[in-house]
Amino acid sequence: MTRETYAPIRVGRYEIGGTDFVVMAGPCAVETERQVMRTAAAVARAGANILRGGAFKPRTSPYAFQGLGLDGLKLLARAGSEFGLPVITEVMSDAQVDVVAEYADILQIGSRSMENFALLYAVARSNRPILLKRGMTATVEEMAASARFVIENGNPNVILCERGIRTFGTATRNTCDIVAIPLLQKMTGLPVILDPSHATGVRDLITPLARAGVAIGADGLIVEVHPDPQAAWSDGEQSLSFTDFEEFMREIEPIREIWRDQRVGAMAACAS
Ligand code: PEP
Ligand code: MN
């Protein structure tokens, strides 16, 4: 399989895997109407393309905040439409696919669900693009196989996401397997984005890793942003404040420019 196997994936006015480098940004979880509205306004103003936000949250502890569920989904959709941003949110079970697909533009399969085959079959039957995150102990081959389940069962619109894997290192939440990005692009022909928030778990490392992600040729980034990271109900330590996010966008821009030139050139070479 080569990079040219699949057409770019259209989301709103963007072509993911084509010549649009997409930045998906927003809170780990939708907490309140004010929180999601303020975040959508801030990320839209700073130049994000897509709004992220969890409503059904897979949490390691049963005592942690599990998300607002359907109410969160509705708030996210409202915030997206208010600020002209398509929205992405996680779907945790096959039973939730229809309702999440009603409100979300992209369905996120979380790291913990990469091999939930009932869920993969269910999203394969939906007409929404899928963001498939790498299982935290999954090889690239296993990830490509999960993507295949979705594609073979009817949905070719799969975007992959490197979000770090478990290693012996403990200084960061996960270890970013950055070379998996071009590797998976080549192996699968699918767009691959990077999540520098979950890959590091450390706010100050998000922007440096994001820059590397753009430089290595990722098709986009997904990053956590919160109005008051210290007070976030989940993943505050790896969330950017609004001013951090503006700085993040400024810092990736020069590399994004080079990315655009190279991608336009590569697509033109393929077409000729
Ligand atoms: C998330 O995006 O908030 C999330 C839970 O990510 P992951 O599935 O990569 O842990
Ligand atoms: Mn999170």
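One structure accompanies this document, and this report is about it. (Residues numbered from 1 in each chain as written. Chains lettered and ligands numbered in written order. Predicted model: local features only at pLDDT ≥ 70, side-chain atom pairs only at ≥ 80, totals over all residues. Heavy atoms only, no water.)

**Observations concerning the site of ligand 1**
Neighbouring residues of ligand 1: Cys28, Arg52, Lys57, Glu90, Gln108, Gly110, Ser111, Arg112, Lys133, Arg163, His198 and Glu224. Here an oxygen atom of ligand 1 and a side-chain polar atom of Gln108 are 3.0 Å apart. Interatomic distance of 2.7 Å between a side-chain N/O atom of Arg163 and an oxygen atom of ligand 1. Expressed as a share of its isolated accessible area of 300 Å², the protein-covered part of ligand 1 is 97%. In the shell around ligand 1, the residues fall into one nonpolar, four polar and seven charged. (Near = heavy atom within 4 Å. Polar contact = N/O pair within 3.5 Å; in protein donor to acceptor, adjacent residues only side chain to side chain. Areas by Shrake-Rupley, 256 points an atom, 1.4 Å probe, with all protein chains shown as cover. Nonpolar A, V, L, I, M, F, W, Y, C, P; charged D, E, K, R; others polar.)

**As for the coordination of the manganese ion (ligand 2)**
The manganese ion (ligand 2) binds to the protein through Cys28 (SG), His198 (NE2), Glu224 (OE) and Asp235 (OD); the donor distances cover 2.1 to 2.4 Å. On the primary sequence, the residues serving as donors to the manganese ion (ligand 2) are separated as C-x169-H-x25-E-x10-D. On the criterion of sequence distance, the pair formed by His198 in helix H7 (residues 196-200) and Asp235 in the loop between strand S10 (220-224) and helix H9 (242-271) is long-range, its members being 37 residues apart. Exposure class is identical for His198 and Asp235. Each is buried. (Donors = N, O, S within 2.8 Å, 3.2 Å for Na, K, Ca; no water. Helix = DSSP H or I, 4+ residues; strand = E, 2+ residues; numbered from the N terminus. Buried < 20%, exposed > 50% of the residue type's maximum accessible area, 1.4 Å probe, protein only.)

**A short note on the packing of helix H1 (residues 33-46) against helix H2 (residues 70-83)**
One way to put it is that H1 packs onto H2 with a least axis distance of 9 Å and a crossing angle of 35 degrees. Taken as a pair, H1 and H2 cross one another with a handedness that is right-handed. Of the residues in H2, those in contact with Glu33, Val36, Met37, Ala40, Ala41 and Ala44 of H1 are Leu75, Leu76, Arg78, Ala79, Glu82 and Phe83. Considered class by class, the residues forming the contact of H1 with H2 number nine nonpolar, no polar and three charged. (Axes fitted to C-alpha atoms, helices over the stretch in contact; angles between N-to-C directions. Left-handed = near helix turned anticlockwise from the far one by under 90°. Contact = heavy atoms within 4.5 Å.)

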